[in-house]
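# Overview (structure and organization)
Residue-level listing of the chains:
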Amino acid sequence: MDYQAVLEEVAAYARPLVRRGRVADYIPALERVSADRFGIAVADIHGAVHGVGDWEVPFSVQSISKAFSLALVMAQSPGSQGEDGIWKRVGREPSGTPFNSLVQLEAENGIPRNPFINAGALVVTDRLQTLTGDASTSMLDFLREESGNPDLAFDPAVAESEAGHGDRNAALAHFMASFGNLENPVPSVIEHYFWQCAIEMSCRDLAVAGGFLARHGLRADGSRLLEAREAKRINAVMLTCGTYDAAGEFAYRVGLPAKSGVGGGIIAVIPGRCTLCVWSPGLDARGNSVAGAAALDHFTTLTGWSVF
Ligand SMILES: NC(=O)CC[C@H](N)C(=O)O
């Protein structure tokens, strides 16, 4: 496979769509990013990386961090008991509602539908906080190691901007706490959640760091992070829930496990082969990158490499 040639063709297809979406503005610091950006990278399971466009430009990972926090919690809770532990507190069904919706939580007794909507990620972050004592720094350390980029960092301006406009996430966290579904104080859970979302990474960094999902749980150094069945399960939840209330449409178009973020990034996994990351900040109404989704759609069409 000539990855470089495929990526060039994908970029030529998707680039005209960059201005179709809207850059997220509900977190003011995200609005400063130019809508014209487009990058895509692919990292194969042996560590070779290819990219085109703005693939080495760092951006705010936002909800892509939710895939990594789930992986870290599962890695630190080995065996079925550990899995049962987190899965007692968060479901694994698509929500069919926006990523920051409150409506299901009351009817479902403070148990979020899945780990990839904000409520679910707050529960996972709470668990990671208990397990590690520092949910945001432990994630940053892990991402530095897996990406091989020791310079990865938080963007404090984004974290502060989120905290300053974080009433919705605070409401979700307080509501779940009222059902006894948080172990740590709400202010600490939401703070660590905001800092996780405010990590800056490039398409290259994210494609490489997400390699363990394509390697059935093996880390970049060959050691085991997750059992193969745990990696399978994270990929399955990414497929059904990773792009929020557009997950059905995304599976229909792209046919890959994926996790998006409102910074405009999307990671996608082809198990046994490679991990992709695409970035373009213009979002559709559901919070997914317009050009990014089109690029992944075209990639699987050109290569025939979907999971279906
Ligand atoms: N979908 C997203 O990327 C949302 C993440 C964002 N930090 C929020 O909490 O709203």
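Just so we're clear, the structure is a prediction, and the values are computed from it rather than from any experiment.

### Some details on the UniProt feature "binding site: substrate" (unreviewed entry) in the chain
- Here the UniProt-annotated "binding site: substrate" (unreviewed entry) positions come out as Ser 63, Asn 118, Glu 162, Asn 169, Tyr 193, Tyr 244 and Val 262.
- Owing to 30 C-beta atoms within 10 Å, Tyr 193 belongs among the buried residues under this scheme.
- Residues contacting Tyr 193, with those up to four places away along its chain left out, are Ala 121, Leu 122, Thr 125 and Asn 169.
- Note on placement: Tyr 244 falls in the loop between α12 (228–241) and α13 (247–253).
- Setting aside its immediate chain neighbours within four residues, Tyr 244 contacts Pro 98, Phe 99, Ile 117, Arg 286 and Gly 287.

### Overview of the site of the ligand
- By nearness alone, every residue bordering the ligand is listed as Gln 62, Ser 63, Phe 99, Asn 100, Asn 118, Glu 162, Asn 169, Cys 197, Gly 261, Val 262 and Gly 287.
- For the shell around the ligand, the residue count by class is three nonpolar, seven polar and one charged.
- Residue-level mapping places the shell around the ligand at the junction of two domains, with at least three residues from each of domain 1 (3–60 + 201–303) and domain 2 (64–199).

### Comments concerning helix α8 (residues 167–178)
- End to end, α8 covers 16 Å across twelve residues, agreeing with the expected 16 Å (1.5 Å per residue, within 8%).
- Asn 169, Leu 172, Ala 173 and Met 176 are the residues of α8 that are buried. Looking down the long axis of α8, one finds its buried residues gathered within 95° of arc, a one-sided arrangement. The outward face of α8, more than 90 degrees from its buried face, is lined by the exposed residues Asp 167 and Ser 178.
- Along its buried surface, α8 packs onto α4 (103–107), α5 (118–132) and α9 (186–197).
- Phi for Gly 180, located one or two positions after α8, is positive at around 75°.

What counts, and where the lines are drawn
Residues numbered from 1 in each chain as written. Predicted model: local features only at pLDDT ≥ 70, side-chain atom pairs only at ≥ 80, totals over all residues. UniProt positions renumbered as here; feature names shortened; annotations may be inferred. Buried ≥ 20, exposed ≤ 12 C-beta atoms within 10 Å, placed from the backbone. Contact = placed C-beta atoms within 7 Å. Helix = DSSP H or I, 4+ residues; strand = E, 2+ residues; numbered from the N terminus. Near = placed C-beta within 6 Å. Nonpolar A, V, L, I, M, F, W, Y, C, P; charged D, E, K, R; others polar. Domains from an automatic or database assignment. Expected span 1.5 Å × (residues − 1). Arc of directions from axis to C-beta.

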